[in-house]
2 protein chains.
Amino acid sequence: MALGKDYATQECSIARALEIVGERWTLLVVRDALYGVRRYNDFLVHLGIPRAVLAARLQTLTGEGILEKRRYQQSPPRDEYVPTERGIALWPTLRSLGLWGREHFTETQLRYFRHVDCGTEIGPYGECPACRTVVPIEDVVMEPGPGADRDPADPVSRALLRPKRLLEPLEPLEAEPT
Amino acid sequence: MALGKDYATQECSIARALEIVGERWTLLVVRDALYGVRRYNDFLVHLGIPRAVLAARLQTLTGEGILEKRRYQQSPPRDEYVPTERGIALWPTLRSLGLWGREHFTETQLRYFRHVDCGTEIGPYGECPACRTVVPIEDVVMEPGPGADRDPADPVSRALLRPKRLLEPLEPLEAEPT
DNA sequence: ACAGGTTGGTTCAATGACCGAACCGACAAT
DNA sequence: ATTGTCGGTTCGGTCATTGAACCAACCTGT
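Just so you know, these numbers come straight off a predicted model, no measurement behind them.

Conventions adopted
- Residues numbered from 1 in each chain as written.
- Chains lettered and ligands numbered in written order.
- Predicted model: local features only at pLDDT ≥ 70, side-chain atom pairs only at ≥ 80, totals over all residues.
- Heavy atoms only, no water.
- Helix = DSSP H or I, 4+ residues; strand = E, 2+ residues; numbered from the N terminus.
- Rg over C-alpha atoms; globule rule 2.2 N^0.38 Å.
- Buried < 20%, exposed > 50% of the residue type's maximum accessible area, 1.4 Å probe, protein only.
- Least-squares fit on C-alpha atoms with pLDDT ≥ 70 in both.
- Contact = heavy atoms within 4.5 Å.
- Pairing = 2+ DSSP bridges.
- Buried area = accessible area lost by both parts, 1.4 Å probe.
- Salt bridge = Lys/Arg side-chain N within 4 Å of Asp/Glu carboxyl O.
- Polar contact = N/O pair within 3.5 Å; in protein donor to acceptor, adjacent residues only side chain to side chain.
- Phe/Tyr/Trp six-rings, centres within 6.5 Å; stacked < 30°, edge-to-face > 60°.
- Lys NZ or Arg CZ within 6 Å of the ring centre and 35° of its normal.
- 1 Å grid on protein atoms, 1.4 Å probe; cavity = no way out; pocket = protein on both sides within 12 Å on 5 of 7 lines; lining within 4 Å.
- Points joined across faces, edges and corners; volume = space filled by probe spheres on them.
- Nonpolar A, V, L, I, M, F, W, Y, C, P; charged D, E, K, R; others polar.

For the rest of this paragraph, the subject is the overall build of chain A. If you tally the helices and strands in chain A, you get seven helices and seven strands. Taken from the N to the C terminus, the helices and strands of chain A come in the order α-α-α-α-β-β-α-α-β-β-β-β-α-β. Taking 16 Å as the expected radius of gyration for a compact globule of 178 residues, we find that chain A reaches 17 Å, a close match to that expectation. Seen along its three principal axes, the alpha-carbon backbone of chain A occupies a region of about 45 × 45 × 30 Å. The buried share among the 178 residues of chain A stands at 49%.

Quick look at the relation of the copies chain B and chain A now. One copy of the chain maps onto the second through a rotation around an axis plus a translation along that axis. The transform that puts chain B on chain A rotates by 180° and translates by 0.0 Å along the axis, for an RMSD of 0.0 Å. On the angle and the small slide along the axis, the relation comes out as a two-fold axis. Every residue of chain B has its C-alpha some distance from the rotation axis, and the shortest such distance is that of B:Thr93, at 2.7 Å. A shared interface surface links the copies, since 100% of the contact residues of chain B are contact residues in chain A too.

Strand order across the open sheet formed by three strands is β3-β6-β7 (chain B), with antiparallel pairing between neighbours. Looking along the sheet, the strands with just one partner apiece sit at the ends: β3 (111-115) and β7 (164-165) of chain B.

Successive residues of a regular strand alternate their side chains across the two faces of the sheet. Residue and element names in this part refer to chain B. Pairing geometry for strand β1 (residues 67-73) and strand β2 (residues 78-83), over six bridges, is antiparallel. Residue pairing across strands places Arg70 opposite Glu80, the latter belonging to β2. Counting the residues that bridge the hairpin from β1 to β2 gives four residues.

Taken residue by residue, the interface counts 53 residues in chain B and 54 residues in chain A. Roughly 4,600 Å² of surface becomes buried between chain B and chain A when both sides are summed, with 66% attributable to carbon and sulfur atoms. Of all residues in chain B, B:Arg24, B:Trp100 and B:Phe105 bury the most surface against chain A, accounting for 16% of the area lost on that side. For the interface between chain B and chain A, the tally reads zero salt bridges. Here chain B and chain A share ten residue pairs in polar contact (both at pLDDT 80 or more) between them. Put simply, the parts of the chain that give the side of chain B that touches chain A at least two residues each are α1 (13-21), α2 (26-35), α3 (40-47) and α6 (91-105) of chain B. Considering each element in turn, the side of chain B that touches chain A owes the most residues, eleven residues, to α6(B).

What follows is about the pattern of salt bridges. All names here are of chain A. Taken as a whole, this structure holds twelve salt bridges over all chains when the rule is applied. The closest approach of N and O atoms between Arg31 and Asp32, which form a salt bridge, is 2.8 Å. Given a relative accessible area of 1%, Arg31 falls into the buried group.

On inspection of all chains with the given rule, the structure shows six aromatic pairs over all chains. With a centroid separation of 6.4 Å and an interplanar angle of 40°, the aromatic rings of A:Tyr35 and A:Phe113 are classed as tilted. Of this pair, A:Tyr35 sits in helix α2 (residues 26-35) while A:Phe113 sits in strand β3 (residues 111-115), and the two are 78 residues apart along the sequence. Both residues of the pair, A:Tyr35 and A:Phe113, belong to the buried class. Following the ring pairs from residue to residue traces out a cluster consisting of A:Tyr35, A:Trp91 and A:Phe113. A cation over a ring is seen here: A:Arg86 above B:Phe105, with NZ or CZ 4.4 Å from the ring centre. Lying over the aromatic face of B:Tyr112, B:Arg114 brings its terminal NZ or CZ to 4.9 Å of the ring centre.

This part is about the layout of surface pockets. Approximately 920 Å³ is the volume found for the largest pocket. Forming the boundary of the largest pocket are 41 residues, of which A:Arg95, B:Arg95, B:Ser96, B:Pro124 and B:Tyr125 lie nearest the centre. Residue assignment for the lining of the largest pocket shows that the elements contributing at least two residues are α6 (91-105) of chain A together with α5 (85-88) and α6 of chain B. In terms of residue class, the lining of the largest pocket is made up of 27 nonpolar, eight polar and six charged.

Here we come to empty space enclosed by the protein. Tallied over the entire structure, the rule returns one cavity of 30 Å³ or more. By volume, the largest cavity is sized at about 130 Å³. As for the largest cavity, its lining consists of 21 residues, and the residues nearest its centre are A:Val21, A:Gly22, A:Leu27, B:Leu18 and B:Gly22. Contributions of two or more residues to the lining of the largest cavity are made by α1 (13-21) and α2 of chain A together with α1 and α2 of chain B.

Any functional reading would require information that these geometric values do not contain.
Written out as structure tokens, the structure is:
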């Protein structure tokens, strides 16, 4: 993570994890990837991240096996970045970080996460309180909450406004009627 | 968090959380606080963090209500930094981040976390698999695993080597016999 | 054939965060 | 009076981040 790059003296898996995903923007890139963002330009407009930083982060994330760069069309050559198992494994951390942020620093709820089978909101440990099972990430549906901006500027935010499963790519991104 | 300081365009509780605890060192300071570190100097030697950065982090953490600065002796005036409820609420996030780091980037286990009532190792969701309950942080005992350094240089690491409950202050810190 | 747009980058100067070392003030012990 | 400890602050140098500009490959429309 920047500068010293490592937490040299730390003998700790938390420090180890932070060396990899602790840099600025990194976890937000992973979050977006789990939300279904795949393409360089979509990350760019959704995050408002400087291009150089995005390129650097995508490179280290693919280097660490958290995202995978995958060619999805030959001409013109276009790549997408897809979360690997290792990236997906960050979901509990991101969920609990988001929960903490919401409970302590946000007035209104910005998004709901629900169990696709029953519509129940996911509990604090990632479980469905109704079904009493841990909900795998691909069975989580995300939808906007009362605090969400109904008319965001960028098309990616707008696409994320309609309910969708996590991990499901946000492909079509059809042009809007003005 | 540094530079832009905020993730301006992000309307997201994860981004909000990262604005507060996403800076370099911050989460390691909180981790140490949960492990029982209380005093400026103990953070300093245990983390190997620059003094100025530590001072800055402690200030923002107390400012955000994550740690509380508390005078514990009058002369000479000495303060300790204690995690508040808001700081304690970061435990699930830190635990799951550490779990991710261990599973994906570490060969040997550096620490065990066990349920004090039964000695069972805490499960991936913070639960005790034997008792089938979520274990509150003060009922978690931390002890070194096979990968831990048996003879670390700084006294704080050495104090953390013997099993102790989380949150329990690591006070005495007796001088060592040479 | 050519202009212009889209995508996915790289380069660069300026800014700001972080680093380590030095310094400082309050107090205690000798 | 000197030395040591604790909890900082200050400071110059280094390194990461930023935003803007540039670039190359390819496509589309005319």
